[in-house]
Amino acid sequence: MIYGNASVVELIDRAANGDRLCHAYLFYGEKGLGKKAIAAYFAKAILCGGKKRPCGVCPSCKKIEAGAHPDITCLSGTADKNELTVANVRKLKADAAVYPNDGDKKVYIISDCQKMQAPAANALLKLLEEPPEHLVILLTADDRGHVLPTILSRCIPVGIFPVGEDECARALEVLGGVSSEVSRKASAACGGNIGKGLALLAPECLPVSPDDFCLMLSKHQEYGMLASLNKLSNDKQVYRAFLEALFERFRDAAVLKSGGKRLLAGSKDAAAALIGSFTTKQLLEKIRVLSRAMKDLDANANVPVLSAWITSSLVGAPVKN
Ligand SMILES: [Zn+2]
């Protein structure tokens, strides 16, 4: 299921259902827009044995859903276990020369291709220049401008864009398993980027745990708190989601401390650590700190400066204004 991006879905449907299928496509757009999911959908449509591709029920579609199709290879430009190294490109070239196992096509998906090291990118060029008839290469990149021009010029570029607010809310409701009220709120905050919306819905998906941050605060571990905020500082929407998650935990602690029971965040450990370390007055002060931090962030405050301010204000310095 692809949300929004109707022209992309149309391009995929036409290419996979008989119109001219090219040898290489580059799906580009910011992180969180679902480029890898779209490339995987395209691969499924290319290899599908059904009539309306992808049919979702043929043996090929089933194998792809199980992650066990012999004619799909996934590699990445990032330094992880699937990194596209020169050695891996050599293996790809050897593999590309062999006919597909199941059908008449092979698909290579190479994600984050803007991060490929130059030797690997140059090795890949040869394959892009002279691909065997049965090969389709699907590349993804967060930023088209950072892809080597020599790679870019050999691909059909396909832009992936944020979806409308209503469609985003529907997607978040289905994918995040949340109520329409919650999904609407997240949709309004994520600007149509479903991946970011899901991060807003699930603080446990954040790169730093809000609960751990609260525990660090209860132990006055100022350095750890600042380091955690710095880890989030290159993505403003994720940073804001983190502040919101912290706000909920402080609000829970203040509510519990004054005899209330209904938790917003549902994190008893974080609330207990905060209650054990701070008075109600201090908790309310810290809620004001977070509230002001979110306003400053929305007003385009400098994030590293804001992180330092949040840390020192939460740890103890009185809040100005
Ligand atoms: Zn199928």
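Each value, and the rule that gives it
- Throughout, a residue's number is its position along its own chain's written sequence, starting from 1.
- Per-residue local features of the predicted model are confined to residues with pLDDT of at least 70, and side-chain atom pairs are confined, for both listing and counting, to 80 or more; whole-chain, interface and lining totals are unaffected and use all residues.
- Here, any two strands with at least 2 DSSP bridges between them count as paired.
- Runs of E in the DSSP output that reach at least two residues are strands. Runs of H or I that reach at least four are helices, and both are numbered from the N terminus.
- Orientation is described by axes fitted as lines to C-alpha atoms, over the contacting stretch for helices, and by angles from 0 to 180 degrees between their N-to-C directions.
- Put simply, a residue is buried when 20 or more other C-beta atoms lie within 10 Å of its own C-beta and exposed when 12 or fewer do; between those, it is partly exposed, and each C-beta is set from the backbone.
- Here the bounds of each domain stem from an automatic or database domain assignment.
- For every residue pair, C-beta atoms are placed from the backbone, and the pair is scored as a contact if these atoms sit within 7 Å.
- Gly counts as polar in this scheme, as do all residues outside two lists: the nonpolar Ala, Val, Leu, Ile, Met, Phe, Trp, Tyr, Cys and Pro, and the charged Asp, Glu, Lys and Arg.
- For this classification, under 35 degrees means roughly parallel, over 145 means roughly antiparallel, 65 to 115 means roughly perpendicular, and everything else is oblique.
- Should the near helix be turned anticlockwise from the far one by less than a right angle, the crossing is left-handed, and should it be turned clockwise, the crossing is right-handed.
- For a crossover, the right-handed case is the one in which the path from the first strand over the helix to the second runs clockwise, viewed with the strands pointing away from the viewer.
- Note on definitions: a nonpolar core is a set of buried residues drawn from Ala, Val, Leu, Ile, Met, Phe, Trp, Tyr and Cys, linked by C-beta atoms within 7 Å.

Things to note about the sheet that holds strand E1 (residues 24-28)
Stage number 1. The strand order across the open sheet formed by five strands is E2-E3-E4-E1-E5, and the pairing between neighbours is parallel. Of all the strands in the sheet, just strand E2 (72-76) and strand E5 (156-159) have a single pairing partner and so form its edges. Across this sheet, the average inter-strand angle for adjacent strands is 20°, counted without regard to direction.
Stage number 2. Relative to strand E4 (residues 135-141), E1 runs parallel, the two sharing five bridges. Opposite Tyr25, over in E4, you have Leu138 as the bridge partner.

Brief notes about unusual backbone geometry
Stage number 1. Backbone torsion omega between Arg53 and Pro54 reads -5°, so that peptide bond is classified as cis.
Stage number 2. The phi angle at Asp112 is positive, at roughly 50°, despite the residue not being glycine.
Stage number 3. Its location among the elements puts Asp112 in the loop between strand E3 (106-111) and helix H5 (118-129).
Stage number 4. A count of 21 C-beta atoms within 10 Å places Asp112 in the buried class.
Stage number 5. In this model, His220 sits at a positive phi of 60°, which is unusual for a non-glycine residue.
Stage number 6. By secondary structure assignment, the location of His220 is in the loop between helix H10 (210-218) and helix H11 (222-232).

Focus on the domain arrangement of the protein
Many analyses report the size of an interface as the accessible area lost when the parts associate.
Stage number 1. Here the domain parsing of the protein yields domain 1 (6-159), domain 2 (164-201) and domain 3 (205-315).
Stage number 2. Look at where the C-alpha atoms of domain 2 and domain 3 centre, and you get two points 23 Å apart.
Stage number 3. Counting residues at the interface gives five residues for domain 2 and five residues for domain 3.
Stage number 4. When residues in the side of domain 2 that touches domain 3 are grouped by element, the largest group, four residues, is from helix H9 (residues 194-201).
Stage number 5. Grouping the amino acids of the side of domain 2 that touches domain 3 by side-chain chemistry returns four nonpolar, no polar and one charged.

Some thoughts on the packing of H10 against H11
Stage number 1. Look at H10 against H11: their axes get within 8 Å of each other, and the N-to-C directions meet at 155°. By the angle class used here, H10 and H11 are roughly antiparallel. The way H10 lies across H11 gives a crossing that is left-handed. Side by side, H10 and H11 meet where Phe213, Met216 and Leu217 of the first sit next to Gly224, Met225 and Ser228 of the second.
Stage number 2. A breakdown of the residues in the contact of H10 with H11 according to their chemical character gives four nonpolar, two polar and no charged.

A closer look at the environment of Ala188
Stage number 1. Structurally, the position occupied by Ala188 is in helix H8 (residues 180-190).
Stage number 2. Considering only alpha carbons, one finds Ala188 and Asn5, 183 residues apart in sequence, at a separation of 18 Å.

A few points about the pairing of E4
Stage number 1. Counting buried residues along E4, seven of its seven residues qualify, which places the element largely inside the surrounding structure.
Stage number 2. Here E4 shows a buried face lined by Leu135, Ile137, Leu139 and Ala141 and a second buried face lined by Val136, Leu138 and Thr140.
Stage number 3. In terms of handedness, the path from E3 via H5 over to E4 forms a crossover that is right-handed.

Comments concerning the nonpolar core
Stage number 1. Counting 46 residues, the largest nonpolar core has Leu26, Phe27, Ala43, Val107, Ile109, Leu138 and Leu139 as the members making the most contacts within it.
Stage number 2. Of the residues forming this core, the biggest block, eight residues, is contributed by helix H2 (residues 35-47).
Stage number 3. One finds Phe247, Ala254, Ala270 and Leu274 within the second-largest nonpolar core, a separate group that totals 42 residues.

Section: the packing of H10 against helix H12 (residues 236-257)
For any two helices packed against each other, the geometry comes down to the angle between their axes and how far apart the axes lie.
Stage number 1. Taken N-terminus to C-terminus, the directions of H10 and H12 make an angle of 60°; their axes are 9 Å apart at the nearest point. Relative to H12, the element H10 lies oblique. As for the relative orientation of H10 and H12, their crossing is right-handed in sense. For the pair formed by H10 and H12, the contact residues are Pro210, Phe213 and Cys214 on the first element and Phe242, Ala245, Leu246 and Arg249 on the second.
Stage number 2. A breakdown of the residues in the contact of H10 with H12 according to their chemical character gives six nonpolar, no polar and one charged.

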